[in-house]
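Letter by letter, the chains look like this.
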Amino acid sequence: MNPVGARRAVVTGIGVVAPGGIGAEAFWKSAAEGHTLLDRVTREGCGHLPLKVAGEVRGFDPAALIEGSHLVQTDRFTHFAMAAASLALEDARFGRADVGSPYSVGVVTAAGSGGGEFGQRELQKLWGRGSRHVGPYQSIAWFYAASTGQISIRGGFKGPCGVVAADEPGGLDALAHAARAVARGAGTVVAGAAEAPLAPYSMVCQLGYPELSTEGDPGRAYLPFTAGARGFVPAEGGAMLVLEEEGAALDRGAEPRATVAGHAATFTGTSRREESREGLARAIGAALAEAGCAPGEVDVVFADALGTPEADRAEALAITDALGPHGRRVPVTAPKAGTGRAYCGAPVLDAAAAVLAMEHGLVPPTPNVFDVCHDLDLVTGRARSAELRTALVLSRGLMGSNAALVLRRGAEPPTDRRSASA
C-alpha cells in the first residue's frame, strides 16, 4: 500500500461512539482498564427475545451532537456515524479552513444492516395506519449508504465517497478503501463504520446466526478463546477515523498518529470455520506483504474473537500459520469481549484501539477471559506495557469474509527487523 515515494495515508483523528464511552479518550480508558460493558438488553420491545445480553451505547444524546434537520431523516446507526465523524474531525483539528477544495475530502463507511430501527418504525406505520403515514425519509434512512451521504452533505465534502455493504470485515475494507483513495490523490478521507443492531426487528434477524450467544449472564455470555466459549454478543456503536495524505497533514501541523500500511481480504464461505483458518492466514500474509512487514515485526494482534470453539481454534491456528513461531509469542488481545461485536463497527473500534495502544505503549486486556485454551499469548486480567510499533487487526464475518489490516505507529516507515521473524 505504501511503496517508496507513494502517497501514504496517515491517521490524524479518531472519533468513537461505543459502549465503552463517547470519544476516543473515554473509549481508551475503558479498554485499557478492561471494563466490562456487557449487560442485559434494555431496549424497548426486546424483553421477550432469547437474546438477553448486548453492548448498548448509554448516555448518547444525538441532539447534543447533530442538528435537528439531520436527526429527523436518519437512523440511529447514522447518528452514531455522524457523531463519530464530528469527533474525529475535531480530534484531528481539521476544520473548514483546512479544506482547500471540497473535492479533496471524501467519506467512506461500511454497514452490515442499515437503518433497522427507523425502518421498523415506518413499516409499523404502514401496517397499522396506512401508506399516507409513512414518512418520506424511509426511502433513505434505512439505506446502507445513508451514513456516507449524510456525513458528506453535512461537511460539504465532495471528494471520493463510497460505502462497503458487507459483514464485519467491511469496517477494515472501508479503511483500506479510504487509504487507497488517498494514494490515488485524495487529500483527506473520513472513514469507518457504526452499527445500531439492537432494535427488535434487527435482533430477531440476528437470532438466525448460530454463532450468537443467548447466555443470560453478562459475565459468561462472551468468552472467546476459552473452554466456555458459547458465541458472540452483539453491540451497537463504532468509530470513524480521519485519514490524510502524510505530507498534507504535516504541512497543516497535524501529527500523524498511525500509518495505514497494508490490507488484504479473502472469502471462505458462510460458517466454514475450518476453511477460515486458511483464508484468514492468507489475508494476514498478503497484508504484511503489502506493508513490507516481516512476521516478527508485528508487536500486537487485535483478534477477531468470534467466540465459538471452532472459530477461535481456526483463528489461533491462522495467526501461527501466518506469523510462524512468533505467532505464539506476540501479544494478542480482544477488547470487544467487554463491549460486544458491533458488526462492521467492531474492527474499526479495534483499529482505533490499536492506534491508541501504540501511542500509550499498552496492550489492553481481554475482559472476562482467564482460562485460555489455545496456543496464544492472550493478554488477560490487566493491560500489558510493551513497545508497540506495528499492530495487526483481524476480522472475520458471519457470511465468510476475512480481512487483515496493518497499522504502523505515527509516520514511521517500515524498518528491517526480519531477524526477529524466526
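Residues numbered from 1 in each chain as written. Predicted model: local features only at pLDDT ≥ 70, side-chain atom pairs only at ≥ 80, totals over all residues. Heavy atoms only, no water.

## Let's talk about the overall build of the chain
Move 1: Per the secondary structure count, the chain includes 13 helices and 16 strands.
Move 2: For a compact globule of 422 residues, the expected C-alpha radius of gyration is about 22 Å, and the chain comes in at 20 Å, within 12% of that figure.
Move 3: Overall, the C-alpha framework of the chain stretches about 70 × 55 × 35 Å when taken along its three principal axes.
Move 4: When the 422 residues of the chain are sorted by exposure, 61% land in the buried category.
Move 5: Within the chain, counting contacts between residues at least 6 apart in sequence, those at least 24 apart form 80% of the total.
Move 6: For the chain, the exposed surface amounts to about 15500 Å²; the carbon and sulfur share of it is 53%. (Helix = DSSP H or I, 4+ residues; strand = E, 2+ residues; numbered from the N terminus. Rg over C-alpha atoms; globule rule 2.2 N^0.38 Å. Buried < 20%, exposed > 50% of the residue type's maximum accessible area, 1.4 Å probe, protein only. Contact = heavy atoms within 4.5 Å. Areas by Shrake-Rupley, 256 points an atom, 1.4 Å probe, with all protein chains shown as cover.)

## What to know about the packing of aromatic side chains
Move 1: For the coordinates displayed, the defined rule picks out three aromatic pairs.
Move 2: Measuring from centroid to centroid gives 6.5 Å for Tyr209 and Tyr343, while their planes differ by 50 degrees, and the two rings are tilted. Here Tyr209 is found in the loop between helix H8 (200-206) and strand S8 (237-245), whereas its partner Tyr343 is found in the loop between strand S11 (331-333) and helix H13 (345-360), with 134 residues between them in sequence.
Move 3: Seen from their ring centres, Phe232 and Tyr343 are 6.0 Å apart, and the 90 degrees between their planes marks the pair as edge-to-face. Here Phe232 is found in the loop between H8 and S8, whereas its partner Tyr343 is found in the loop between S11 and H13, with 111 residues between them in sequence. For the pair Phe232 and Tyr343, one class covers both residues: buried.
Move 4: Each member of the aromatic cluster is reached from another via a ring pair, and the members are Tyr209, Phe232 and Tyr343.
Move 5: Seen from the ring of Phe232, Arg341 lies directly overhead, with NZ or CZ sitting 5.7 Å from the centre. (Phe/Tyr/Trp six-rings, centres within 6.5 Å; stacked < 30°, edge-to-face > 60°. Lys NZ or Arg CZ within 6 Å of the ring centre and 35° of its normal.)

## Notes on the pattern of salt bridges
Move 1: Scanning the entire structure with this criterion turns up 21 salt bridges.
Move 2: With a closest N to O distance of 2.9 Å, Arg154 and Glu67 form a salt bridge. Taken as a pair, Arg154 in helix H6 (residues 146-155) and Glu67 in the loop between strand S4 (53-54) and helix H2 (68-71) lie far apart in primary sequence, 87 residues in all.
Move 3: Across the pair Arg76 and Glu236 runs a salt bridge whose closest N-O atoms are separated by 3.1 Å. Of this pair, Arg76 sits in helix H3 (residues 76-91) while Glu236 sits in the loop between H8 and S8, and the two are 160 residues apart along the sequence.
Move 4: One salt-bridge network, in which partners are shared between bridges, spans Glu168, Asp304, Glu315, Arg341 and Arg396. (Salt bridge = Lys/Arg side-chain N within 4 Å of Asp/Glu carboxyl O.)

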